[in-house]
Structure formats: C-alpha cells, structure tokens
Amino acid sequence: GLDGMTLPEDPNIVIGKLNEDEETSHFALWCIMAAPLLVGADVRNLSDAALKILRAKEVIAIDQDPLGIQGRIIQEEDGFQIWRKPLSNNKWAFFMLNTGDHMRDITLSFHGAVPSNTFACESRSAKLRDPWQEKDIGTYR
C-alpha cells in the first residue's frame, strides 16, 4: 500500500447502501485494517445513522493509531472472525465479526488473544472499552 497503508481492493467505505449493522461492521473492518478512510457517498444525503458511524471518534482513532499496524484475523470459524490490532500505549483493539446470517454469541479469551510477551498479558487484567459507545464496559481479570 501507499506509505505502508493497507489499501483494500475497493478503497471506498460503503455507506448508504447497506443496513445499519452492515455499515457499522464495514466501517469497523476498515478501521481494524488501518485502511485509509475514504467515503464513497455524498455525505449531504446520508442518514443520521450513517453520519453517526462516520463520526465515531474512538473507532476512527483505532484506524489512525500512530503504530499504523493492520489488524489480523486471530480466529476464524464457521460464521465468525475475531480480529486483533496492536495499538500504541500497550493497548489492543479487537473486532468480532459475525459473517453468518443469524445473531450469535462470540467469546474472546483474553489470554489466548493477547500475546504472552506483552505487558497487558503479564498484568493479568485489562480494562474493556466499547469505542462505539465511548465508554468503559468492565475489567477482565
């Protein structure tokens, strides 16, 4: 990619053509991949829901983290993927993608998901934050 950036085959973020869950997942996937955020839609005509996705500051911060490292799939099974992306300040972003047609629970094991040679794993606990809601959602111990 350009200056080490990930460039998806179609670099435009699809907004205004999918349902809200699909658009949210699509945007999150672009951000976990550290891809340039290019909107292929007339933003003057987007719904409030689509604009809310495009204005998700903490999700965009994951995309634009100074490390610039692309997330990778760390687990893939029939109907879902779990992505992991290292962030600056010894933080990690995870993206759980349901690729199936039905709602499902996806479980992430912290100790299996974070490399054992990192400070986060050594501390045996981690704060969990939902970047879409922009709030802490608990602590894993």
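Scope of this entry: the structure provided in the associated data block. (Residues numbered from 1 in each chain as written. Predicted model: local features only at pLDDT ≥ 70, side-chain atom pairs only at ≥ 80, totals over all residues. Heavy atoms only, no water.)

## Some details on the sheet that holds strand S4 (residues 80-87)
Argument step 1. Read across the open sheet, the 3 strands follow the order S3-S4-S5; overall the sheet is antiparallel. Pairing within the sheet leaves two strands with one partner each, and these edge strands are strand S3 (72-77) and strand S5 (91-98). On average, adjacent strands in this sheet sit at an angle of 20° to one another, irrespective of strand direction.
Argument step 2. Pairing of S3 with S4 involves 5 bridges; the strand directions are antiparallel. Within the sheet, the bridge partner assigned to arginine 72 lies in S4 and is arginine 84.
Argument step 3. Relative to S5, helix H1 (residues 20-32) is tilted by about 145°, and along the sheet it contacts S4 and S5. (Pairing = 2+ DSSP bridges. Helix = DSSP H or I, 4+ residues; strand = E, 2+ residues; numbered from the N terminus. Axes fitted to C-alpha atoms, helices over the stretch in contact; angles between N-to-C directions. Contact = heavy atoms within 4.5 Å.)

## Some words on the side chain of glutamate 23
Argument step 1. With respect to the secondary-structure elements, glutamate 23 resides in helix H1.
Argument step 2. Classification of glutamate 23 as buried rests on a relative accessible area of 5%.
Argument step 3. Within the local environment of glutamate 23, its side chain forms a polar contact with the backbone nitrogen of leucine 18, the two atoms lying 3.4 Å apart. (Buried < 20%, exposed > 50% of the residue type's maximum accessible area, 1.4 Å probe, protein only. Polar contact = N/O pair within 3.5 Å; in protein donor to acceptor, adjacent residues only side chain to side chain.)

## Topic: the side chain of serine 88
Argument step 1. Along the chain, serine 88 falls in the loop between S4 and S5.
Argument step 2. Polar contacts involving the side chain of serine 88 include one to the side chain of aspartate 65, which spans 2.9 Å.
Argument step 3. If sequence neighbours within four positions are ignored, serine 88 has contacts with Asp65, Pro66 and Leu67.

## Comments concerning the pattern of salt bridges
Argument step 1. Within the structure shown, the criterion is met by 3 salt bridges.
Argument step 2. Where arginine 44 meets aspartate 42, a salt bridge forms, and the shortest distance between an N and an O atom there is 2.7 Å.
Argument step 3. Among the salt bridges present, the one from arginine 129 reaches glutamate 58, with a minimum N-O distance of 2.7 Å. Of the two residues, arginine 129 is situated in strand S6 (residues 126-130) and glutamate 58 in helix H3 (residues 57-63); the sequence distance between them amounts to 71 residues.
Argument step 4. Here glutamate 58 falls in the partly exposed class, since its relative accessible area comes to 24%.
Argument step 5. Salt bridges sharing common partners tie together Glu58, Arg129 and Asp136. (Salt bridge = Lys/Arg side-chain N within 4 Å of Asp/Glu carboxyl O.)

## A few points about the pairing of S4
Argument step 1. Within S4, 6 of the 8 residues are buried, leaving the element largely enclosed by the surrounding structure.
Argument step 2. Hairpin connection, S3 to S4: the antiparallel pair is bridged by 2 residues, and glycine 79 has positive phi, about 100°.
Argument step 3. Relative to S5, S4 is paired through 8 bridges, and the arrangement is antiparallel. Within S5, the position partnered with isoleucine 82 by the bridge is methionine 96.

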